[in-house]
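# What the coordinates show
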Amino acid sequence: MTAPALVAAFHLTRAGRGVGGAPGGPGGPGGPGAPGLQGAPTDRAPLVDARSGLPLDVDAYSRMKHGDARAARDLADAVADALLVQQPALVTDPAPLALPVAYLAVRPACWYLAARVLDRLDAERARHGHAPGRVVRVAKDSVTRTDYAASSAADRRAEMDRIGFRLTQDVAGCQLVVVDDVRVTGLAEATVLAALADAGAVRTVVAYVATVDDALRADPAVEAELNHATVRSVADMADVVRAGDFVLTIRFLKRLLGAPAAERAAFLDACPPALVAQMHAGCVATGPEFCAGYADGVADLVARRGPGQEAGRGASDGADVEDPDAVHPDAVHPDAVHPDAVHPDAVHPDAVHPDAVHPDAVHTVPAGA
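Here's what I pulled together on the structure shown here. The model shown is predicted, which means the values in this text are computed figures rather than measured ones.

## Here we look at the overall build of the protein chain
Secondary structure assignment for the protein chain yields 15 helices and eight strands. Out of the 369 residues in the protein chain, the part that is buried amounts to 55%. Taking contacts inside the protein chain between residues at least 6 apart in sequence as the whole, the part at least 24 apart equals 81%. For the protein chain, the accessible area works out to roughly 14800 Å², and carbon and sulfur atoms hold 53% of it.

Shown next as structure tokens:
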């Protein structure tokens, strides 16, 4: 496989380090009037785009990671905008699109990013008479046992080495677009690309909401900072459930199951029985070792399942939990992206500044970087 192109809607640095490598000055990043980040820790300089000084909406990022479909749509649109500008061949080349996403049973947040990015690319490809693409699953044989975002580079490498990755569908002759949220160490990217190395793709692009500069790359905890910028408790997502904008992610499921009982109860009080059953189905599909590791949380889900909700069954559409031992044709078909997975009113024009997509956002990196 040739070296993939790397695209990012934002390339993050701390405000004050300068834009485009230049020191920050008055009115620029870190100077008077510099844009702040909603939800950013007050004891650290805010994270801004190194090329323009424009801020990443860390509130949206944090909510996206925990299952806010509106936030996922906004951030995915930023990624799609960057891809359309920097990788036009994805639209003009008739070679089909395939967007690989790695998971075991419960989808990660990047699945929802990928699904929305695919919708955007497909809409443009249709103008050229090209067929729609598909999201394809790279099967993991287990989930991470730690909070990956808060782990050191060494611990991350150990986790990636422990987990097996296997492409479940033929993508020979396809253009591959691997969509993810943030690139810090690049270890997860390298692992997924290794699973795709012999897939026979004609082009590979790795696309992120954000990459980070060298200083941030040396501190992997920046990923945890982004993840928890706004969502400090699982109960913080209760209003998203009530608004009908919640989609289940594996990060949120693990966090819910491991939360203090009172915090978990505050979230579950907002959940309809079908969502509780969907979460329980995700636990069962992830495996007995996973359930045993979160015994108290799983017991709470069992106690709250509604009448007629059988163990192992998810919500009514079953869209967010898959059998890890089976490849379902409709699990990755474009039609498997349900209208309610991403709220139709979730496109906010001011969510991502149009100047945030820069021609220099693309460069090539070795597959193992």
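## Focus on the state of the cysteines
Put plainly, a disulfide is one covalent bond tying together the sulfur atoms of two cysteines. Under the definition given, this model contains zero disulfides. The thiol sulfur of C283 is not disulfide-bonded, and the nearest other cysteine sulfur, from C291, lies at 5.2 Å. On the basis of relative accessible area, C283 is assigned to the buried category, the value being 0%. Exposure remark for C291: the relative accessible area of 18% places this residue in the buried category.

## Observations regarding helix α1 (residues 58–65)
Most of α1 is tucked away, with seven of its eight residues classed as buried. All buried positions along α1 are accounted for by V58, D59, A60, Y61, S62, M64 and K65. Contacts from the buried residues of α1 go to α2 (69–86), α4 (109–127), β6 (175–183), β7 (203–212), α8 (222–227) and α10 (250–258). Between the side-chain oxygen at the start of α1 and the backbone nitrogen of D59 there is a gap of 3.1 Å, and the oxygen is on D57.

## Overview of helix α11 (residues 261–268)
In an α-helix, one turn spans 3.6 residues; hence positions three or four apart end up facing the same way. Buried within α11 are the following residues: R264, F267 and L268. Along the axis of α11, the buried residues cluster in a sector spanning 95°; they form a single face. At its buried positions, α11 is contacted by α9 (238–242), α10, α12 (273–286) and α14 (295–304).

## What about the pattern of salt bridges?
Within this structure, the stated rule accounts for 17 salt bridges. Salt-bridge contacts for D49 lead to R51; the nearest nitrogen and oxygen are separated by 3.1 Å. Between D269 and R304 there is a salt bridge; the shortest N-O distance is 3.1 Å. Here D269 is found in the loop between α11 and α12, whereas its partner R304 is found in helix α14, with 35 residues between them in sequence. The exposure class assigned to R304 is partly exposed, which follows from its relative accessible area of 33%. Among the ionic contacts, a cluster of salt bridges with common partners joins D77, D81, R116 and R120.

The rules behind each value
- The residue numbers shown here count from 1 along each chain, following its written sequence.
- Thresholds applied to this predicted model are a pLDDT of at least 70 for local features of residues and 80 or more for the giving and counting of side-chain atom pairs; totals over whole chains, interfaces and linings are not thresholded and use all residues.
- Values shown for side chains rest on all heavy atoms present in the structure; no hydrogens or waters enter the calculation.
- Where helices and strands are cited, they refer to DSSP runs of H or I of at least four residues and of E of at least two residues respectively, numbered from the N terminus.
- Only protein chains enter the area calculation, which uses a 1.4 Å probe; residues under 20% of their type maximum are buried, those over 50% are exposed, and those in between are partly exposed.
- It only takes one pair of heavy atoms within 4.5 Å for two residues to be counted as in contact.
- Using a 1.4 Å probe, accessible areas were evaluated by the Shrake-Rupley method; residue-level cover was limited to the displayed protein chains.
- By disulfide we mean two sulfur atoms from cysteines, separated by a distance within 2.5 Å.
- For this analysis, a polar contact is any N or O atom pair within 3.5 Å, provided that within protein one partner can donate a hydrogen and the other can accept it, and provided that sequence-adjacent residues contribute only side-chain to side-chain pairs.
- Working definition: the arc comes from the directions between the helix axis and the C-beta atoms, pointing outward to the latter.
- Salt-bridge detection follows one rule: a side-chain nitrogen of Lys or Arg within 4 Å of a carboxyl oxygen of Asp or Glu.

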